[in-house]
Amino acid sequence: MGSDSARGDADATWTVSDLAQATGLSQRVLRHWEGLGLVTPARTAAGHRRYGPSEITRLYQALALRQAGLRLAQIKTLLDGRDPQSAATTLRAHLAELDADLHRRGLLRDRLAAALGALDHADADHDQLDRAPVDDAELLMKVIETMTMFDQYVHGYRAAENTRLHDQADTLSELLHSDTGFPAGSAVLEVGCGVGAQTLTVAERSPGARLTALDLSAESLASARKRADDAGLTDIAFAQADVYTLPRADGPLAAGMFDHIFVCFLLEHLPRPVEALRRLRAMLKPGGTITVIEGDHGLICFHPDSPAARDAIACQVALQRNAGGDALLGRRLHPLLTEGGFRDVSVSPRMVYVDGSDPGRADRFIRKTFTAMIEGIREPAVAGGLTTAEHFDAGIRALLRTAEPDGVFCYTFFKATAGA
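Calculation criteria
Residues numbered from 1 in each chain as written. Predicted model: local features only at pLDDT ≥ 70, side-chain atom pairs only at ≥ 80, totals over all residues. Heavy atoms only, no water. Helix = DSSP H or I, 4+ residues; strand = E, 2+ residues; numbered from the N terminus. Buried < 20%, exposed > 50% of the residue type's maximum accessible area, 1.4 Å probe, protein only. Contact = heavy atoms within 4.5 Å. Areas by Shrake-Rupley, 256 points an atom, 1.4 Å probe, with all protein chains shown as cover. Axes fitted to C-alpha atoms, helices over the stretch in contact; angles between N-to-C directions. Parallel < 35°, antiparallel > 145°, perpendicular 65-115°, else oblique. Core = buried A, V, L, I, M, F, W, Y, C linked by side-chain atoms within 4.5 Å. Salt bridge = Lys/Arg side-chain N within 4 Å of Asp/Glu carboxyl O. Arc of directions from axis to C-beta. Left-handed = near helix turned anticlockwise from the far one by under 90°. Nonpolar A, V, L, I, M, F, W, Y, C, P; charged D, E, K, R; others polar. pLDDT = per-residue confidence, 0-100. Pairing = 2+ DSSP bridges. Right-handed = clockwise from strand over helix to strand, strands pointing away. Phe/Tyr/Trp six-rings, centres within 6.5 Å; stacked < 30°, edge-to-face > 60°.

How do you make sense of the overall build of the protein chain when you look at a structure like this?
Helix and strand content of the protein chain: 15 helices and 9 strands. Looking at the protein chain as a whole, 46% of its 420 residues are labelled buried. Taking all contacts inside the protein chain whose residues are at least 6 apart in sequence as the whole, residues at least 24 apart take part in 72%. Only carbon and sulfur atoms are counted for the fraction: they give 55% of the accessible area of the protein chain, which is about 20,200 Å².

Which parts of the structure should I look at to understand the packing of helix 1 (residues 16-23) against helix 2 (residues 27-36)?
Each packed pair of helices is defined by two parameters, the angle between the axes and the distance between the axes. Interhelical geometry of helix 1 versus helix 2 gives an angle of 110° and a closest axis separation of 9 Å. It follows that helix 1 is roughly perpendicular to helix 2 by the angle criterion. Residue-level contacts link V16, S17, L19 and A20 of helix 1 to Q27, L30 and R31 of helix 2.

Just checking my understanding: could you explain the nonpolar core for this structure?
If you look at soluble globular proteins, the nonpolar side chains tend to sit buried side by side. Counting residues in each nonpolar core, the largest one holds 46 residues, and the members touching the most others are I236, F365, F370, I374, L399, F409 and F413. Considering each element in turn, this core owes the most residues, 6 residues, to helix 13 (residues 359-375). The contact partners of I374, leaving out residues within four places of it in the chain, are A312, I313, Q316, F392, I396 and L399. In terms of nonpolar packing, the next biggest core, distinct from the first, is built from 32 residues, V243, Y244, A276 and L280 among them.

Where do I start with the pattern of salt bridges in this structure?
Should the charged atoms of two oppositely charged side chains come close, the side chains can pair. A full pass over the atoms with the stated rule returns 20 salt bridges. Its salt-bridge partner being R343, residue D344 comes within 2.6 Å of it at the nearest N-O pair. Its relative accessible area of 59% is what places D344 among the exposed residues. Residue class for R343 comes out partly exposed when judged on its relative accessible area of 41%.

Honestly, helix 10 (residues 273-283) in this entry has me stumped. Any pointers?
Structural remark: α-helix, 3.6 residues per turn; residues separated by three or four positions point the same way. Every buried residue of helix 10 is listed here: P273, V274, A276, L277, L280 and M283. Here the buried residues of helix 10 occupy an arc of 160° about the axis, which is enough to place them on one side. Close packing links the buried residues of helix 10 with strand 3 (187-191), strand 6 (258-264), strand 7 (284-303) and helix 12 (333-339).

Hey, could you run me through the packing of helix 3 (residues 53-67) against helix 4 (residues 72-80) in this one?
Interaxial distance between helix 3 and helix 4 falls to 10 Å at its minimum, and their mutual angle equals 135°. Here helix 3 lies oblique to helix 4, going by the angle between them. Where helix 3 crosses over helix 4, the two elements pack in a sense that is right-handed. Seen from helix 3, the contacting residues are R58, Q61, A62, L65 and R66; seen from helix 4, they are L72, I75, K76, L78, L79 and D80. Taken together, the residues of the contact of helix 3 with helix 4 sort by class into 6 nonpolar, 1 polar and 4 charged.

What should I look at first to understand the confidence of the model for the protein chain in this one?
Reading fine detail from the predicted coordinates is not recommended where pLDDT is low. Put simply, the protein chain has an average pLDDT of 82, and 77% of its residues get 70 or more. Helix 6 (residues 136-154) is the least confidently modelled element of the protein chain, averaging 56 in pLDDT, while helix 12 averages 98, the highest of any element. Here residues 1-10 is a poorly scored stretch, pLDDT under 50, and it has 13 contacts once near neighbours within four places are set aside; other chains count.

Explain the pairing of strand 6 here, please?
Remark: a regular strand shows side chains that alternate across the two faces of the sheet. Within strand 6, 6 of the 7 residues are buried, which leaves it mostly tucked inside the rest of the structure. Two strands pair when backbone bridges link them, and strand 3 and strand 6 are joined in this way by 4 bridges, in the parallel orientation. Bridge pairing links L189 to I261 in strand 6. By the bridge criterion, 6 bridges tie strand 6 to strand 7 in an arrangement that is parallel. Residue pairing across strands places F262 opposite T291, the latter belonging to strand 7. Considered for its hand, the β-α-β crossover made up of strand 6, helix 10 and strand 7 is right-handed.

Would you mind showing me how to read the sheet that holds strand 4 (residues 210-215) here?
Across a sheet, strands are paired by hydrogen bonds formed along the backbone, either parallel or antiparallel in direction. Pairing is mixed in the open sheet, where 7 strands are placed in the order 5-4-3-6-7-9-8. Lying at the two open borders of the sheet, with one neighbouring strand each, are strand 5 (237-240) and strand 8 (343-355). The sheet shows a mean angle of 20° between the axes of neighbouring strands, direction not considered. With respect to the sheet, helix 10 is in contact with strand 3, strand 6 and strand 7, its orientation differing from that of strand 7 by roughly 145°.

Help me out: how do you make sense of the packing of aromatic side chains in this one?
For any pair of aromatic rings, the description rests on two quantities: the centre-to-centre distance and the angle between the ring planes. Tallied over the full model, the rule gives 7 aromatic pairs. Measuring from ring centre to ring centre gives 5.7 Å for F370 and Y411, while their planes differ by 50°; the resulting arrangement is tilted. Of the two residues, F370 sits in helix 13 while Y411 sits in strand 9 (residues 408-419), which places them 41 residues apart along the sequence. A relative accessible area of 2% means that F370 is categorised as buried. What makes Y411 buried here is its relative accessible area of 3%. Taking the centre distance of 4.7 Å and the plane angle of 55° together, the rings of Y411 and F413 count as tilted. F413 matches Y411 in its accessibility class, with the two residues each being buried.

Mind showing me how you'd approach helix 4 here?
The set of residues buried in helix 4 consists of L72, Q74, I75, L78 and L79. An end-on view of helix 4 places all buried positions within 155° of arc, on one side of the element. Once helix 4 finishes, G81 follows within two positions and takes phi at roughly 60°, a positive value.

What is the right way to look at the environment of G360 in this model?
The residue G360 is located in helix 13 in this model. In this structure the C-alpha to C-alpha distance between G360 and A403, which are 43 residues apart in sequence, comes to 9.6 Å.

Structure, rendered in structure tokens:
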């Protein structure tokens, strides 16, 4: 540094050019930091900046915090130390920002990986069928378009899908929830509540329990909250949160706050279900439990059989895979929960069987639940080149045919419970 620094005594001072050379920061940056109050050099009689030992220490502290990724305003708050709680508050806020940024990057990574997988599948299909190669840019645009459409379908943003989700919940209530119920006074967390299709059932079967329902979508939460209010269930707490950002550092969504967690038709849409389960396990108190319900589109049989109907179902499986999910996840609940750190995992298959002996059940499940779900992905399936409109429509007609008096339809769900 300058000649004054060689003395090494308490009165040693340095110029702005000395600091710029020592820290690698430009004089312009140092003056900017001075303007923000990060460093405050003394002034000589001639008005020149002189930095003493305390300013040098503060500057190196600021550099260290800057390398940790904090914003300059946060650094100033920490260094000033006016509020005894400022350090924890600032660091906690910064950690939340980093978590949110990591989540955004994770979503981007998953979306890019899914898009690449869709392109690879499309290229392989064209090779097998000996078709002319398709322009990758055109394929990529189709993938992006179908992902966006499928996201809208999955989360119930469209009115028809919103209605179908509620119809499904009503139709399957006894099959899936006959043994669902949580004790009065217990804290229950429903994750991925969507439009509230399952929330009311859980609340009604758990009188006295304190239910908190989470979802990533503000639109879905608004729908869920309205449905709960209309049913007179005004004591359900709703919160917007992403499972990959749980648990929070503090507050009602901190670690170890819940006795029970309920998850229904969520894991099948997540790119990293094991990570999600590990995060949820951290939300439970010691001795807490988790209940998970998922379907499996690979375990379906029907009469009369139809290749077109199976192709329509395969379109839904492909779209969900392209979006980073797994429509065949139900069969994997036991290994997923085990890998997620849960113990005493117990899985029970829940089979929906419908035949001509119960026309009302055939209407509710075959027409209004399952076929309505498959019909909902017609637009992205056709736009993505997975099928033609004519072939897809033939598949829908074949599925509806199974609801006739001589038809049969069978689908398997899986319900798992486990302890933390």
